[in-house]
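Structural overview
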Amino acid sequence: MSKDKNVKAQEKFGEAVNTGKLEMIRDVVSEKVKDHDPADIQGPGAQGFIDFFSMMRTAFPDFSAEVDHMVTDENNVSFAYTVSGTHKGEFMGVSPTGKQFSVRGMQIGRFEDGKLVERWGATNELGILQQLGVKPVK
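Figured I'd write up the structure that's included with this text. All figures in this text were calculated on a predicted structure; none of them were measured in a lab.

Parameters and conventions
Residues numbered from 1 in each chain as written. Predicted model: local features only at pLDDT ≥ 70, side-chain atom pairs only at ≥ 80, totals over all residues. Heavy atoms only, no water. Helix = DSSP H or I, 4+ residues; strand = E, 2+ residues; numbered from the N terminus. Buried < 20%, exposed > 50% of the residue type's maximum accessible area, 1.4 Å probe, protein only. Pairing = 2+ DSSP bridges. Expected span 1.5 Å × (residues − 1). Contact = heavy atoms within 4.5 Å. Axes fitted to C-alpha atoms, helices over the stretch in contact; angles between N-to-C directions. Phe/Tyr/Trp six-rings, centres within 6.5 Å; stacked < 30°, edge-to-face > 60°. Polar contact = N/O pair within 3.5 Å; in protein donor to acceptor, adjacent residues only side chain to side chain. Core = buried A, V, L, I, M, F, W, Y, C linked by side-chain atoms within 4.5 Å.

For Met 92, which is not a glycine, the phi torsion comes out positive at approximately 50°. Relative to the helices and strands, Met 92 resides in the loop between strand 3 (76–86) and strand 4 (100–112).

To continue, consider the pairing of strand 3. Among the 11 residues that make up strand 3, eight are buried, leaving the element largely enclosed by the rest of the structure. Sheet analysis places strand 2 (residues 64–72) next to strand 3, joined by eight bridges and oriented antiparallel. By the bridge assignment, Thr 72 is partnered in strand 3 with Val 77. The turn linking strand 2 back onto strand 3 is made up of three residues. Both strand 3 and strand 4 contribute to a ladder of 11 bridges, which runs antiparallel. Note on strand 4: the bridge partner recorded for Thr 82 is Arg 104.

Another aspect to go through is helix 3 (residues 45–59). With 15 residues, helix 3 should reach 21 Å at 1.5 Å per residue; the first-to-last C-alpha distance of 22 Å fits that figure. Residues Gly 45, Ala 46, Gly 48, Phe 49, Ile 50, Phe 52, Phe 53, Met 56, Arg 57 and Ala 59 constitute the buried set of helix 3. Elements that come into contact with the buried residues of helix 3 comprise helix 1 (2–19), helix 2 (25–28), strand 1 (29–35), strand 3 and strand 5 (115–123).

As a further point, take the packing of helix 1 against helix 3. Helix 3 packs onto helix 1 with a crossing angle of 35° between their chain directions and a minimal axis gap of 9 Å. Side by side, helix 1 and helix 3 meet where Phe 13, Val 17, Asn 18 and Thr 19 of the first sit next to Phe 49, Phe 53 and Arg 57 of the second.

With that out of the way, let us pick up the packing of aromatic side chains. Throughout the structure, instances matching the rule amount to seven aromatic pairs. Centroid distance Phe 13 to Phe 53: 5.8 Å. Interplanar angle 80°. Geometry classified as edge-to-face. Of this pair, Phe 13 sits in helix 1 while Phe 53 is found in helix 3, placing the two residues 40 residues apart along the sequence. Its relative accessible area of 9% is what places Phe 13 among the buried residues. Residue Phe 53 is classed as buried on the basis of its relative accessible area of 12%. Seen from their ring centres, Phe 53 and Phe 63 are 6.2 Å apart, and the 50° between their planes marks the pair as tilted.

Moving on: the side chain of Glu 118. Looking at where Glu 118 falls in the secondary structure, it is placed in strand 5. Note on Glu 118: relative accessible area 16%, which makes it buried. For Glu 118, the side chain forms a polar contact with the side chain of Arg 110, separated by 2.8 Å. Not counting chain neighbours up to four residues away, the residues in contact with Glu 118 comprise Val 33, Lys 34, His 36, Ile 108, Gly 109 and Arg 110.

Of all hydrophobic cores here, the largest spans 34 residues; its most connected members are Ile 25, Val 29, Phe 53 and Phe 60. Elements with a minimum of two residues in this core: helix 1, helix 2, strand 1, helix 3, strand 3, strand 4 and helix 4 (125–131). In terms of residue count, the dominant contributor to this core is helix 3 (seven residues). Sequence-distant contacts of Val 29, that is, excluding residues within four places in its chain, are made with Phe 13, Gly 45, Ala 46, Phe 49, Lys 115 and Leu 116.

Honestly, that's just the spatial picture; any functional story needs more than this.
Here is the structure:
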């Protein structure tokens, strides 16, 4: 039964990100979560995820994360996803361009009692910057 509970927790996390109702993240993320790949601005615990996705939704008000493929076991939820959005706010020091982006990523989440306790993952941030027209620094 924990497998279903973990999938529901991951789905609730995704709903929070996609709707902007980020406080829902507190329901499904342990305050002691260990993120092996945090964003530069991401602090600890559920608040770190809330702060990160708040920044993303400010930069990309139509930010969307869609699961492309999911694999689960009793403790882990792993998935490939696509994130997309339109650049209407500052992102990583880049002023709004009005351009859209769409990139892929992967994540593995380990759950206990329906809460995310450990996370590994990567999103193609360089792909986002390239699609926004940011030139690489030489």
